[in-house]
Amino acid sequence: MGKLAEILSHPQEVPALVRIYLASKAATKLPKDPQLAFCYEILNNVSRSFAIVIQQLPNPLRDAICVFYLVLRGLDTVEDDMALPDSVKLPALLSFHKDIYERGFTLPCGYNHYKRLMAQFGTVVDVFLSLDPAFQLVIANITRRMGEGMAEFITKEVETVAEYDKYCHYVAGLVGIGLSQMFARSGLESPEFGAKEQLSNHMGLFLQKTNIIRDYLEDILEEPAPRMFWPRAVWSRYAAKLSDLKEPGNRQAAVQCLNHMVVDALQHLPACVQYMEGLRDRQVFRFCAIPQIMAAGTLALCYNNGAVFEGAVKMRRGQTAQVFDACSDMGDLFRWFLTFLSLLDKKVSGQVHGDDPTLQQAQALVAQHTQLCSTALAKWQASQQPASGSIAAWVRDYLLLTLAAVYAYYAFQMGTSLTGGGVPEQLRGLVDVLAAAPLLHRLLSALALLFTLRPAIFAAR
Ligand code: MG
């Protein structure tokens, strides 16, 4: 569907689209410092959605996370460059955590924006060296662990599901762990966040597995060599070769394999909820929650969808904009998760072929997650307003009712003393306006009364 047709078919998403457009424009405004400006400019080029959420973080955390992202993006560019011989790639991955302390460090590899990032990596190094040493330490430590992990998988394929989890831990779980340590060191989140390794790992795995599922076609068609992250233990149940899944004649088995992969990814959702329930800073919360919501939406779209084997399956721009718009607290998170769980529920309740090997598991997971999110949402909503029956709620309701009643009393008295004769001709225009106003005030006061009496009316029903 064309962009315009997409917008016209979902007009309710237009305001959010305008706001995200303005936010992305704001994100392109660069800092005055030329080195920082380079970092934010290249960040905009390599990840637009990430650039928007990162720009909304407070400093010094913002600059530190921007550098963290670029350093890991640099490491990933080395890993992803399929033209780089292993004899160069392996030592480069292993020494990257030390190279980021070397002013002027560059490494010619990658393509397009990534090539430019690597060619001017010395600028990222300069900004890295200007960060608080506590942040530098987290970045270098995570880069070392990730580089070692990537090196481990350079020469071997992902065989078992345990290895798949291990690979995802190296390339994404460690990012979650590093971010948690940075949140804790910034003081925006409690010090315990620095030690939440398991939950942080789940946050990274949920995102990474979603990308690996969504990017199947792009990865398998990669030149000069395909990139294969789907574990053999899963795909070998559905095809002789991973690349066979893209063939139109194998669509049914391919979709079943895809469903198997989505079911595996969905298992991380409860841990992600638990992690985000612990966050207290609103901007940090948005930074963490927006990508998680997008992942849940993408998984729901990909599930049982053969289009994954034909091209990129992505959430609508308008819906993405709405996620950016409405993501301030756990209430929003649960509502989004429930939206996507209901899409999954529709699929597992009728659309999926009965002989799909993981259908029962999918049905059970969707039911469990829906239960978890709806119960937690109800609890969250109850915690947001004074419990009905409490003294605070009673005082609030009584005050609102009194105000509405006083307003109604005056609204219905209004105008009666002004409609008589003896009004000077010069003031007639003003009197006419005032005489017309009581109708409006009477209407408004009646609405206010209805609104304040609403809880009593609903309780009576
Ligand atoms: Mg990579």
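Here the structure is a predicted model, which means the values were calculated and not measured. (Residues numbered from 1 in each chain as written. Predicted model: local features only at pLDDT ≥ 70, side-chain atom pairs only at ≥ 80, totals over all residues. Heavy atoms only, no water.)

(A) Just unusual backbone geometry, in detail. Omega for the peptide link from Asn59 to Pro60 comes to 5°, which places this bond in the cis form. Along the chain, Pro60 falls in the loop between helix H4 (48–55) and helix H5 (61–80). Phi is positive for Asn304, which is not a glycine, with a value near 60°. Its location among the elements puts Asn304 in the loop between helix H16 (282–302) and helix H17 (317–325). (Helix = DSSP H or I, 4+ residues; strand = E, 2+ residues; numbered from the N terminus.)

(B) Highlighting the nonpolar core. Core analysis: the largest hydrophobic core is formed by 140 residues, its most contacted members being Ile65, Leu70, Phe121, Trp230, Leu245, Met276 and Phe287. Other than its neighbours up to four places away in sequence, Trp230 contacts Val158, Ile212, Ile213, Tyr216, Trp235, Leu242, Leu245, Cys257, Leu258, Met261 and Phe309. (Core = buried A, V, L, I, M, F, W, Y, C linked by side-chain atoms within 4.5 Å. Buried < 20%, exposed > 50% of the residue type's maximum accessible area, 1.4 Å probe, protein only. Contact = heavy atoms within 4.5 Å.)

(C) Representation of the coordination of the magnesium ion. The protein atoms donating to the magnesium ion are Asp76 (OD), Glu79 (OE) and Asp80 (OD), with metal-donor distances spanning 2.1 to 2.2 Å. Mapped onto the sequence, the donors of the magnesium ion take the spacing D-x2-E-D. Linking Asp76 with Asp80, this pair stays in helix H5, spanning four residues, or about one helical turn. (Donors = N, O, S within 2.8 Å, 3.2 Å for Na, K, Ca; no water.)

(D) Representation of the packing of helix H15 (residues 269–277) against H16 within the structure. The contact between H15 and H16 brings their axes to 10 Å, and the two run at 165°. As the angle between them shows, H15 and H16 are arranged roughly antiparallel. With respect to the hand of their crossing, H15 and H16 are arranged in left-handed fashion. Residues Cys272, Tyr275 and Met276 of H15 form the contact with H16, whose own contacting residues are Phe285, Cys288, Ala289 and Gln292. Looking at side-chain class alone, the contact of H15 with H16 contains six nonpolar, one polar and no charged residues. (Axes fitted to C-alpha atoms, helices over the stretch in contact; angles between N-to-C directions. Parallel < 35°, antiparallel > 145°, perpendicular 65-115°, else oblique. Left-handed = near helix turned anticlockwise from the far one by under 90°. Nonpolar A, V, L, I, M, F, W, Y, C, P; charged D, E, K, R; others polar.)

(E) How the structure looks around the pattern of salt bridges. Within this structure, the stated rule accounts for 20 salt bridges. The shortest N-O distance in the salt bridge between Arg73 and Asp76 comes to 2.9 Å. Within this pair, Arg73 and its partner Asp76 are both found in helix H5, separated by three residues, close to a single helical turn. Classification of Asp76 as buried rests on a relative accessible area of 17%. When the shortest N-O distance is used, the salt bridge between Glu152 and Lys156 registers 3.7 Å. Residues joined in a network through salt bridges with shared partners are Asp80, Asp219, Glu222 and Arg227. (Salt bridge = Lys/Arg side-chain N within 4 Å of Asp/Glu carboxyl O.)

(F) Expanded view of the packing of aromatic side chains. Taken as a whole and assessed by the stated rule, the structure comprises 15 aromatic pairs. Seen in terms of ring centroids, Phe153 and Tyr167 are 5.3 Å apart; in terms of plane orientation they differ by 70°. Their pairing is edge-to-face. Pair noted here: Phe153 is in helix H9 (residues 133–154) and Tyr167 is in helix H10 (residues 161–186), with a separation of 14 residues, a long-range link. Between Tyr216 and Phe309, the ring centres sit 5.2 Å apart and the planes meet at 65°, which makes this aromatic pair edge-to-face. Residue Tyr216 is found in helix H12 (residues 216–220), and its partner Phe309 is found in the loop between H16 and H17; the two are separated by 93 residues along the sequence. For the pair formed by Tyr216 and Phe309, the shared burial category is buried. One aromatic cluster is present, built from ring pairs that chain together Phe50, Tyr69, Phe183 and Phe287. Directly above the ring of Phe153 sits Lys156, whose terminal nitrogen or CZ lies 4.8 Å from the centroid. (Phe/Tyr/Trp six-rings, centres within 6.5 Å; stacked < 30°, edge-to-face > 60°. Lys NZ or Arg CZ within 6 Å of the ring centre and 35° of its normal.)

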